[in-house]
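Residue-level listing of the chains:
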Amino acid sequence: MRLFLAQSLWSDFQKSFIDKDRWLMYLDGLKMTLLLALVGTIVGIILGLLVALIKYSYSTRKKNKPWLSLLNWVANLYTTVIRGTPVVVQLLILFSLSFMPNGVVASFIGFGVNSGAYVAEVFRSGINSIDVGQMEAGRSLGLSSRATMRYIILPQAIKNILPALFNEFIALVKETSVAGYIAVNDLTKVADRIKGITFVNLPLYIVALMYLCIVYLLTLIQKRIEVRYSRSDRN
Amino acid sequence: MIEIKQLCKSYGELRVLNHISEGIERGEKVAVIGPSGSGKSTFLRCLNLLEKPDSGEIWFNGKEITATDIDTDSVRQHMGMVFQHFNLFPHLTIRQNITLAPVKLKKQSQSAADEQATQLLTRIGLIDKADTYPNMLSGGQKQRVAIVRALAMNPEVMLFDEPTSALDPEMIGEVLDLIRDVADSGMTMVIVTHEMKFAREVASRVLFMDEGEIKEQNDPANLFDAPKNKRLQDFLSKVL
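Because the structure is a prediction, the values reported are computed rather than measured. (Residues numbered from 1 in each chain as written. Chains lettered and ligands numbered in written order. Predicted model: local features only at pLDDT ≥ 70, side-chain atom pairs only at ≥ 80, totals over all residues. Heavy atoms only, no water.)

Peer 1: What is the right way to read the overall build of chain B from this model?
Peer 2: For chain B, the count of helices and strands is nine helices and 10 strands. On C-alpha atoms alone, chain B measures out to a radius of gyration of 18 Å, which is about the 18 Å that the 2.2 N^0.38 rule sets for 240 residues. If one aligns the C-alpha atoms of chain B with their principal axes, the spans along those axes are about 50 × 45 × 35 Å. Here chain B holds 240 residues, and the buried ones make up 56% of them. Looking at chain B, you have 28 positive and 34 negative side-chain charges, and the mean spots of the two groups are 2 Å apart. (Helix = DSSP H or I, 4+ residues; strand = E, 2+ residues; numbered from the N terminus. Rg over C-alpha atoms; globule rule 2.2 N^0.38 Å. Buried < 20%, exposed > 50% of the residue type's maximum accessible area, 1.4 Å probe, protein only. Lys, Arg positive; Asp, Glu negative; His and termini not counted. Charge placed at Lys NZ, Arg CZ, Asp CG, Glu CD.)

As structure tokens, this is what we get:
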């Protein structure tokens, strides 16, 4: 009985991993998954920073220029809509747009835009975590609010939120598994396709293990970075 | 040099500054004393517009800086400020703390600013700390760096907002020594302080504030030895 199980497992493994060099497909899928997560995080950071800065400048002024009020309104609409709808629906809508060349580009935009709405909140709390005295000190030296933000507030804020940004990347590694909905050949899609060809379920377990390893590895790296930071913060 | 006319400021219902009018001449060392909550810090912070007055005017070198079309940043470049809590930039080295503003505002090249920082740090005996970060300094050292950081912009007036209130007692002396030094160099200064002995010794004029008003002002000898205002008499009897 035990022998039979082992034999059947081995044969499943052969079908889903070794035959016709199928392991190469996993590798391609893995590359795509990491690429999606990376591009998504980068686009998300850019958008998130932008949105956070708009909301910050809007909130710190008593009287606002009309264009800033408009921008703030757009920023609020953006975060509300994106955080209030499922990412799969967002992807499907993007993919349905006639000018979208393919699913990969739609995913780059989709995951970036989605992540941006969450990263904005991370940046906002990072900026708020810096003592107001820092802004006052910068302004009292004659620096503009923009220069103070750039040279004094943001460098400190970003250092504080680096772990959270890294978390966003880790989350995206997993979240991008829905990219298969719009014909992107990511790790999950690869497993699904191989399962369809071979009629065995093992590919799903294989990619689950691959996701787990990557996330575990990234978490280890994150912890190492955090330890180094907390060391440099100590008096 | 600074002319304040009918300055008012309220936080909600609370009137912090009540129609204050005052003038500060070049070279004067004005100490502002008074109980906490009397509006002295708000008064000081209005001078470089860190607080926006509700009404009234402030004129600096013949220009109304409370006017709406004024470039606040360029005004502040001529007014140094020292805070109670130092507010050094923790992510920058001591030298970078001093050179950041002059360089970014194109007042000086990086090398000229570095040279000036070296001179300033030598003057306060902290040149060996130039390339360390603020968290390596004691409170007194931090405040001395904060003072020379403001001086590095070559301001025409220095505003001190309770510069020794956050310090351990044994560190107050070194900071006061530096402020005295700056005073002796002829700098115009406004100091909000609780150090009565220091105010008496360094100030050319002392303002007593209470309930958002300047209740009495005089040269230090007369103000401290012959106070006329009842509130000032009370206040002095408690702090002296």
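Peer 1: What is the right way to read the sheet that holds strand β7 (residues 157-161) of chain B from this model?
Peer 2: Strand pairing in a sheet takes place through backbone hydrogen bonds and is either antiparallel or parallel in direction. Residue and element names in this part refer to chain B. Sheet architecture is open: six strands sit in the order β6-β7-β8-β3-β9-β10, paired in mixed fashion. Taken across any chain shown, the strands that pair with only one partner, and hence form the sheet edges, are β6 (79-82) and β10 (213-218). Within the sheet, the average angular offset between the axes of one strand and its neighbour, ignoring direction, is 20 degrees. Bridge count for strand β3 (residues 29-33) against strand β8 (residues 188-192) is four bridges, and the pairing is parallel. Across the sheet, residue Val32 finds its bridge partner in β8, namely Val192. (Pairing = 2+ DSSP bridges. Axes fitted to C-alpha atoms, helices over the stretch in contact; angles between N-to-C directions.)

Peer 1: Sorry if this is basic, but what is going on with the interface of chain A and chain B here?
Peer 2: One widely used convention gives an interface's size as the accessible area the parts lose upon coming together. In this complex, chain A contributes 20 residues to the contact, which on the side of chain B involves 22 residues. The closest approach of N and O atoms between A:Arg139 and B:Asp73, which form a salt bridge, is 2.9 Å. The interface formed by chain A and chain B contains seven residue pairs in polar contact (both at pLDDT 80 or more). Listed by contribution, the elements that provide at least two residues to the side of chain A that touches chain B are α6 (132-140), α7 (145-175) and α9 (202-233) of chain A. Broken down by element, the side of chain A that touches chain B gets its largest block of residues, seven residues, from α6(A). Grouping the constituent residues of the side of chain A that touches chain B by class yields six nonpolar, nine polar and five charged. (Contact = heavy atoms within 4.5 Å. Salt bridge = Lys/Arg side-chain N within 4 Å of Asp/Glu carboxyl O. Polar contact = N/O pair within 3.5 Å; in protein donor to acceptor, adjacent residues only side chain to side chain. Nonpolar A, V, L, I, M, F, W, Y, C, P; charged D, E, K, R; others polar.)

Peer 1: Could you clarify how one ought to interpret the sheet that holds strand β2 (residues 14-24) of chain B in this entry?
Peer 2: All names here are of chain B. Pairing is antiparallel across the open sheet formed by four strands, whose spatial order is β2-β1-β4-β5. In this open sheet, the two edge strands, each paired with only one partner strand, are β2 and β5 (63-64). Contacts between helix α1 (residues 40-47) and the sheet are confined to β1 (2-11), β2 and β4 (55-60), with β1 contributing the most and set at about 125 degrees to the helix.

Peer 1: I tried to follow the layout of surface pockets on my own but got confused; where do I start?
Peer 2: Any space left empty among the atoms is revealed by the rolling of a water-sized probe across them. In this structure, the largest pocket spans a volume of roughly 2200 Å³. Lining the largest pocket are 49 residues, with A:Thr60, A:Arg61, A:Arg139, A:Ser145 and B:Lys52 positioned closest to its centre. Only α2 (23-60), α3 (66-84), α5 (103-128), α6 and α7 of chain A together with β4 and α2 (72-76) of chain B provide two or more residues apiece to the lining of the largest pocket. Its residues assigned to classes, the lining of the largest pocket shows 20 nonpolar, 11 polar and 18 charged. (1 Å grid on protein atoms, 1.4 Å probe; cavity = no way out; pocket = protein on both sides within 12 Å on 5 of 7 lines; lining within 4 Å. Points joined across faces, edges and corners; volume = space filled by probe spheres on them.)

Peer 1: Got a minute to help me understand the nonpolar core in this structure?
Peer 2: The tendency in soluble globular proteins is for nonpolar side chains to be buried side by side. Grouped together as the largest cluster of nonpolar side chains are 46 residues, with contacts concentrated most on B:Ile2, B:Ile4, B:Leu7, B:Val32, B:Phe43, B:Leu47 and B:Phe60. The element that contributes the greatest number of residues to this core is α7(A), accounting for six residues. Not counting chain neighbours up to four residues away, the residues in contact with B:Leu47 comprise B:Ile2, B:Ile4, B:Ile24, B:Ile58, B:Ile65, B:Met79, B:Leu159 and B:Val190. B:Val148, B:Ala150, B:Leu151 and B:Val182 belong to the second largest nonpolar core, which has 34 residues in total. (Core = buried A, V, L, I, M, F, W, Y, C linked by side-chain atoms within 4.5 Å.)

Peer 1: Teacher, can you tell me more about helix α9 (residues 230-239) of chain B here?
Peer 2: The α-helix winds at 3.6 residues per turn, so residues separated by three or four positions along the chain end up facing the same way. All names here are of chain B. Along α9, the positions that sit buried rather than exposed are Leu232, Phe235 and Leu236. Down the axis of α9, the buried set is contained in an arc of 95 degrees. They therefore lie on one face. Facing away from the buried side of α9 by over 90 degrees, the exposed positions are Lys230, Ser237 and Lys238. Where α9 is buried, its residues meet β3, α7 (196-202), β9 (205-210), β10 and α8 (220-225). Capping the start of α9, Asn229 holds a side-chain oxygen 2.7 Å from the backbone nitrogen of Arg231, two or three residues further along. (Arc of directions from axis to C-beta.)

Peer 1: In this structure, what is going on with the pairing of β10(B)? I would like to understand it.
Peer 2: Every regular strand shows the same layout, with side chains that alternate between the two sheet faces. Residues and elements named next belong to chain B. In this sheet, β10 lies alongside β9 in antiparallel orientation, the contact comprising five bridges. Counterpart to Leu207 in the pairing with β10 is Gln217. Adjacent in sequence and paired antiparallel, β9 and β10 are bridged by two residues, among which Glu211 carries a positive phi angle near 50 degrees.

Purely geometric numbers; function is a separate question.
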